Amino acid sequence: MTTIANLKAVLGSFFHTPTYGAFELLEHALVELDDAGTICRITRAGDADFEQRVAAARAAGAAEPGAYLELGANEVALPGFVDLHVHAPQWPQAGVALDEPLNVWLDERTFPLEARFADAEFAYAVGHDLARTFLSRGTTTVLYFASAHLDGSFAVSRACADAGQRAIVGKVVMDDPAANHDFYRDATPDQALADTETFLDRVAALDAARRADDPRFAGAFGAVTPRFIPSCTDEALAGLGEIARTRDAYIQSHCNEGEWEHSVAIERFGKTDAEALASFGLLGPKSIMAHCTFMSEGDTRLFAETGTVVAHCPISNAYFANSACPVRRMHEAGVHIGLGTDISGGFSPSMYDNIRQAVMASRMLEEGVDALVDATRRGAGYPARISAPEALYLATKGGAEALGLPTGSFEVGRAFDAQIIDTRRAFADLTGFGIFNEPADRLARILYLATPDNIRQVWCQGKLVIERA
Ligand code: GUN
Ligand code: FE
């Protein structure tokens, strides 16, 4: 009987962005994994022991099928993506109902759909399909909003664990009877807080049990999740801040998303959305806030000072944010930023699509959009554009650093989370007739033109989770 061994070494070329602003190509390198699926050694062609280590890895692969992977001449690896903002129960409506303003879209379309997660089996089915879809697009780590239901939310955690995806999931809190439908809300603030604690306990137990079984389990984490200020009572917001503080838990919410949303906190508290969230103890280094388009200078400083992370969702912003997100301005002010799809405010589960939109939106912010406005006043009036490699950083290491999780690049000590890109698929040839062979051009072709079909394999924590024929 032959047993399939754990992957121990990969020989090939690897693109990644270990720092913001620049990419690196590890051309013809040997990446070695430990038993936990973590990168323990990288040897590059030209290093003294390269040939010897490759020979040993090949021999190990010959003895144990599965222990060694050699990428083909037309293949290259990228890190698995980190998606910092997703609503799992909205997956069935991705691409649907994007023509209403945010408040109408939530009340009339989204909350009735999310209410269906009262059925935990349905929640599991949707969560599993979404996790598999994300993996097939190269996304190995996701921060999810589930629904307001305890069991439905836990079903999403189980589905992601079963799919082999690293997932941080939150049971959504939306408890204000004046702001939510009776058919879809927490019964009381106390119930919302109790369910949040139970949810965090269940996810921690799931994580411990799976890790005990499998040293390459990618991880299941919980997050404290007030939907956004307009959905929650003061009591729930304060209680959630306290739960997060005592447990040192992740926090996720929406902040300063659009014209309407950012005005709610100002009317209710006489403070900005960001200041109000801070006053409830909801900002900090484990706090990830979606959108953040309407950021005053004070809000930006507050994020930088507290270490709060922005989940930039550029496709969603085009529909619901009434503006483009000042990514570069926030980055230069020292704010940590990652990228999110915001399924289904954003229609695409692909981080490639979001990388592209992040670049394009930043250019439109810089230059302006209305040709009837004089060029001197048309744009933002400050440098706003970001490059494709910068957007790749946000989609990989930026998101990983934001979560404090060791993934997002090919460096020793990081999980082997990778997508193997076949640059020569039929009808998806990224090689450009061999004319543009500089690494920057090869990477640009991948970032702008890769289709799901080009993603031949996806690995998460050293385990093969997607393989295309
Ligand atoms: N604000 C509160 N809930 C949501 C949501 O589900 N999607 C978006 N885009 N914004 C929100
Ligand atoms: Fe959202």
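Please read all numbers here as calculations on a predicted model, not as lab measurements. Every chain begins its residue count from 1, and numbering advances along the sequence as written. As they are written, the chains are lettered A onward and the ligands numbered 1 onward, keeping that order. Whole-chain, interface and lining totals are the exception, using all residues; otherwise, since this is a predicted model, local features are given only for residues with pLDDT of at least 70 and side-chain atom pairs are given and counted only at 80 or more. Side-chain figures throughout are based on the complete set of non-hydrogen atoms in the structure, without hydrogens or water.

A short note on the pattern of salt bridges
Spelled out, the test is: For this document, the term salt bridge refers to a Lys or Arg side-chain nitrogen within 4 Å of an Asp or Glu carboxyl oxygen. Each helix is a run of H or I in the DSSP string that is no shorter than four residues. Each strand is a run of E no shorter than two, and both are numbered from the N terminus. Type-normalised accessible area, obtained with a 1.4 Å probe on protein chains alone, sets the label of each residue: buried when under 20%, exposed when over 50%, and partly exposed for intermediate values.
On inspection of all chains with the given rule, the structure shows 30 salt bridges. One salt bridge connects Glu-32 with Arg-53, and the closest N-O pair in it is separated by 2.7 Å. Of the two residues, Glu-32 sits in strand 2 (residues 22–33) while Arg-53 sits in helix 1 (residues 50–63), which places them 21 residues apart along the sequence. Arg-53 gets classed as partly exposed once you look at its relative accessible area, which sits at 25%. For Glu-75, the salt bridge is made with Arg-456, and the minimal N-O distance between the two is 2.4 Å. Of this pair, Glu-75 sits in strand 5 (residues 75–79) while Arg-456 is found in strand 18 (residues 455–460), placing the two residues 381 residues apart along the sequence. Note on accessibility: Glu-75 and Arg-456 belong to one class, buried.

Looking at the coordination of the iron ion (ligand 2)
What counts here: Distances decide who is a donor: an N, O or S atom must be within 2.8 Å of the metal, or within 3.2 Å for Na, K and Ca. Water is not included, so sites may look incomplete. All geometry calls rest on donor angles, where a four-donor set with angles between 85 and 135 degrees is tetrahedral, four- and six-donor sets with opposite donors more than 155 degrees apart and all others between 65 and 115 are square planar and octahedral, and all else is irregular.
Around the iron ion (ligand 2), the donor atoms from the protein are His-85 (NE2), His-87 (NE2), His-254 (NE2) and Asp-342 (OD), and they sit 2.0 to 2.4 Å away. Each of the four donor atoms around the iron ion (ligand 2) contributes to a set of angles spanning 87 to 177°, which defines the coordination as irregular. Each donor residue of the iron ion (ligand 2) belongs to the same chain, and together they define the spacing H-x1-H-x166-H-x87-D. Taken together, the positions of His-85 in strand 6 (residues 81–87) and His-254 in strand 11 (residues 250–255) put the pair 169 residues apart, joining distant regions of the chain. Each of the two residues, His-85 as well as His-254, counts as buried.

A word on the site of ligand 1
Filter applied, for reference: Near is defined per residue: the residue qualifies when any heavy atom it owns lies within 4 Å of the molecule or strand. The definition of a polar contact used here is a pair of N or O atoms within 3.5 Å, where within protein one atom must be able to donate a hydrogen and the other to accept one, and adjacent residues in sequence count solely through side-chain atom pairs. Accessible surface area values rest on a Shrake-Rupley calculation with a 1.4 Å probe, where residue burial reflects the displayed protein chains alone. Following the grouping adopted for this structure description, the nonpolar residues are Ala, Val, Leu, Ile, Met, Phe, Trp, Tyr, Cys and Pro, the charged ones are Asp, Glu, Lys and Arg, and the polar ones are all others, Gly among them.
Every residue close to ligand 1 is listed here: His-87, Gln-90, Leu-102, Trp-105, Leu-106, Arg-227, Phe-228, His-254, Glu-257, His-291, Ser-316 and Asp-342. Side-chain polar atom of His-87 to an oxygen atom of ligand 1: 3.3 Å apart, as the coordinates give it. Between ligand 1 and Asp-342, the relevant distance is 3.0 Å, taken from a nitrogen atom to a side-chain nitrogen or oxygen of the residue. Protein coverage of the free-state accessible area of ligand 1, which is 280 Å², stands at 100%. Counting residues per element, the shell around ligand 1 draws most heavily on helix 2 (residues 102–114), at three residues. Of the residues assigned to the shell around ligand 1, the class counts are four nonpolar, five polar and three charged.

What about the packing of aromatic side chains?
Defined as follows: In summary, the pairing rule links any two rings of Phe, Tyr or Trp, Trp by its six-membered ring, whose centres are within 6.5 Å, and it sorts them by plane angle into stacked for under 30 degrees, edge-to-face for over 60 and tilted for everything else. Here, a charge over a ring means that NZ of Lys or CZ of Arg falls within 6 Å of the ring centre while also lying within 35 degrees of the ring normal.
Taken as a whole, this structure holds 14 aromatic pairs when the rule is applied. The interplanar angle of 90° and the centroid separation of 5.4 Å between the aromatic rings of Tyr-20 and Tyr-393 together place this pair among those described as edge-to-face. One end of the pair, Tyr-20, is in the loop between strand 1 (9–19) and strand 2; the other, Tyr-393, is in helix 14 (residues 388–403), with 373 residues separating them in the sequence. One aromatic cluster is present, built from ring pairs that chain together Phe-14, Phe-410, Phe-416 and Trp-459. Against the face of Phe-154 rests Arg-202, its NZ or CZ located 5.7 Å from the ring centre.

Description of the pairing of strand 1
What counts, and what does not: Paired strands, in this sense, are two strands between which DSSP finds at least two bridges.
Judged by how many residues are buried, strand 1 sits mostly within the fold: 10 of 11 residues are covered. Alignment of strand 1 against strand 4 (residues 68–70), held across three bridges, turns out to be parallel. Paired with Ala-9 across the two strands is Tyr-68, which belongs to strand 4. The sheet contact formed by strand 1 and strand 2 spans eight bridges and is antiparallel. What sits directly across from Ala-9, in strand 2, is Glu-32. Here strand 1 hands over to strand 2 after two residues, with Gly-21 in that stretch at a positive phi of 100°.

Quick notes on the nonpolar core
Condition: Residues belong to a common nonpolar core when they are buried Ala, Val, Leu, Ile, Met, Phe, Trp, Tyr or Cys residues joined through side-chain atoms within 4.5 Å. Any two residues whose heavy atoms approach within 4.5 Å are treated as being in contact.
Tyr-144, Phe-303, Tyr-352 and Ile-446 are the most contacted members of the largest nonpolar core, which has 91 residues in total. A total of seven residues in this core trace back to one element, the largest contributor, which is helix 4 (residues 150–163). Residues in contact with Tyr-352, not counting those within four places in the same chain, are Leu-78, Phe-81, Arg-137, Gln-419, Ile-421, Ile-446, Leu-447, Ala-450 and Ile-455. Counting residues in hydrophobic clusters, the runner-up holds 16 residues, among them Leu-7, Val-31, Leu-71 and Phe-410.

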